[in-house]
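# Residue-level structure breakdown
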Amino acid sequence: MLDIRDVSFGYGRRGEVLRSVSLHVPQARIVGMIGPNGSGKTTLINLVCDVLDLREGSITMLGRKHTSAEAKTGIMHVGGNDDVPSFLTGWEYVSTLARLYGVRADRSEVGRMFALFGMQGVQDRLIDSYSHGMRKKTQLCCAFLLHCPLTIVDETLNGIDIDAWYLCVEQFLRMRGRGLSMLICSHDFALLERTTDQIVLLRNGRMSAPLPTRSIIDGYGGIAEWYRVRTLEAEP
């Protein structure tokens, strides 16, 4: 599915943000990526999505170079902000994205997904009238409706209500059941414990080897304690 090999990247005088990072996200798997603020998580995602120019290493998606049209239409990136076009209605936003991905949006299916997330009929209103949480849920609804081979979620669940949080857990697992993959970047360890198959740690620009989430829970009681022992106690 997604293969990242020996990727290094820096921002001028700041030096290297990523140092020989490698990561594999298999088909029908959910991988959680954790790490401190500024560790390079969003930079890595921006490289995968070709927002930043790759300088060293390689990234392939579905066996194609990440800059190809085939690779780009295989990835749905749901970011941490709520920047969605306020001059469109929810339906217009979803249907426009669908066309960009080469699929057809079904109005009744979109209505059902919005209603599921507590936004009955909201899809016909301008996004300008949406709250922060509603914009976030609209972005997530797009991911659940488009069924891309890989969905990248970067702190998107911040700001949504608890009902939507549980619905997202359910939808993430359904996506995996359909053979789709996910890369979830989050500080929400409860979410990662409920949904992911593997956890990777990006710290000081370096990526750890993936560990099964279940082994972390069984061995440490949860990701938080594993992280404390793995990093904070290990440092001098």
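To keep things clear, this report deals only with the structure shown in the data block. Everything numeric here is computed off the predicted structure, so don't read it as measured data. (Residues numbered from 1 in each chain as written. Predicted model: local features only at pLDDT ≥ 70, side-chain atom pairs only at ≥ 80, totals over all residues. Heavy atoms only, no water.)

Quick look at the overall build of the protein chain now. A tally of helices and strands in the protein chain yields 9 helices and 11 strands. Taking 236 residues into account, the globule formula puts the C-alpha radius of gyration at 18 Å, and the protein chain, at 18 Å, falls close to it. Taking all 236 residues of the protein chain together, 53% fall into the buried category. Looking at the protein chain as shown, the accessible area adds up to about 11,200 Å², and 48% of this sits on carbon and sulfur atoms. Positive and negative side-chain charges in the protein chain, numbering 27 and 26 respectively, have mean positions lying 2 Å apart. (Helix = DSSP H or I, 4+ residues; strand = E, 2+ residues; numbered from the N terminus. Rg over C-alpha atoms; globule rule 2.2 N^0.38 Å. Buried < 20%, exposed > 50% of the residue type's maximum accessible area, 1.4 Å probe, protein only. Areas by Shrake-Rupley, 256 points an atom, 1.4 Å probe, with all protein chains shown as cover. Lys, Arg positive; Asp, Glu negative; His and termini not counted. Charge placed at Lys NZ, Arg CZ, Asp CG, Glu CD.)

Counted according to the given criterion, the structure contains 4 aromatic pairs. Between Phe117 and Phe144, the ring centres sit 5.8 Å apart and the planes meet at 15°, which makes this aromatic pair stacked. Of this pair, Phe117 sits in the loop between helix H4 (107–116) and helix H5 (132–146) while Phe144 is found in helix H5, placing the two residues 27 residues apart along the sequence. Judged by relative accessible area, Phe117 falls into the buried class, the value being 3%. Ring geometry for Trp165 versus Tyr166: centroids 5.0 Å apart, planes at 85°, classification edge-to-face. Connected via pairs of aromatic rings, a cluster forms that spans Phe117, Phe144 and Phe172. (Phe/Tyr/Trp six-rings, centres within 6.5 Å; stacked < 30°, edge-to-face > 60°.)

In this structure, Met76, Phe117, Leu157 and Phe172 are the most contacted members of the largest nonpolar core, which totals 51 residues. The dominant element in this core, judged by the number of residues it contributes, is H5, at 8 residues. Excluding its chain neighbours within four sequence positions, the residues that come into contact with Phe172 are Ile30, Phe144, Val153, Leu157, Met182, Ile184, Leu191 and Thr195. Grouped together as the second largest cluster of nonpolar side chains are 29 residues, Val17, Cys49, Ile59 and Ile75 included. (Core = buried A, V, L, I, M, F, W, Y, C linked by side-chain atoms within 4.5 Å. Contact = heavy atoms within 4.5 Å.)

All right, on to helix H6 (residues 162–177) then. Here H6 spans 23 Å end to end across 16 residues, near enough to the 22 Å set by a 1.5 Å rise per residue. The inward-facing, buried residues of H6 contact strand E3 (30–34), H4, H5, strand E7 (150–154), strand E8 (181–185) and helix H7 (189–195). The N-cap of H6, judged by a side-chain oxygen 3.2 Å from the amide nitrogen of Asp163 a few residues on, is Asp161. The positive-phi residue at the C-terminal boundary of H6 is Gly179, with phi of around 90°. (Expected span 1.5 Å × (residues − 1). Polar contact = N/O pair within 3.5 Å; in protein donor to acceptor, adjacent residues only side chain to side chain.)

It is worth spelling out the pattern of salt bridges at this point. Applying the stated criterion to the full structure yields 9 salt bridges. The salt bridge partner of Arg174 is Glu170, with a shortest N-O separation of 2.9 Å. Of this pair, Arg174 and Glu170 both sit in helix H6, separated by 4 residues, roughly a single helical turn. What makes Arg174 partly exposed here is its relative accessible area of 44%. We note a salt bridge from Glu225 to Arg228, for which the minimum N-O separation is 2.4 Å. Within this pair, Glu225 and its partner Arg228 are both found in helix H9 (residues 223–232), separated by 3 residues, close to a single helical turn. (Salt bridge = Lys/Arg side-chain N within 4 Å of Asp/Glu carboxyl O.)

All right, on to the side chain of Ser8 then. With respect to the helices and strands, the residue Ser8 is situated in strand E1 (residues 2–10). From its side chain, Ser8 meets the backbone nitrogen of Ser20 in a polar contact 2.8 Å long.

Take the sheet that holds strand E2 (residues 16–25) next. Sheet strands associate in pairs through backbone hydrogen bonding, adopting either a parallel or an antiparallel arrangement. Here 4 strands make up an open sheet; going across it, the order is E2-E1-E4-E5 and the pairing antiparallel. The open sheet has two edge strands with one neighbour each: E2 and strand E5 (64–65). Taken strand by strand, helix H1 (residues 41–48) contacts E1, E2 and strand E4 (56–61), and its axis lies near 120° from that of E1. (Pairing = 2+ DSSP bridges. Axes fitted to C-alpha atoms, helices over the stretch in contact; angles between N-to-C directions.)

One non-glycine residue with positive phi stands out, namely Ser20, at about 50°. In this structure, Ser20 sits in strand E2. Under the relative-accessibility criterion, Ser20 is labelled partly exposed at 44%.

With that settled, consider H1. At 3.6 residues per turn, the α-helix brings residues three or four places apart onto the same side. In terms of residue burial, H1 counts as a mostly covered element, since 7 of its 8 residues are buried. What H1 keeps buried is the set Lys41, Thr43, Leu44, Ile45, Asn46, Leu47 and Val48. The first or second residue beyond H1 is Asp50, which carries a positive phi of 65°.

The values are spatial; any link to function lies outside them.
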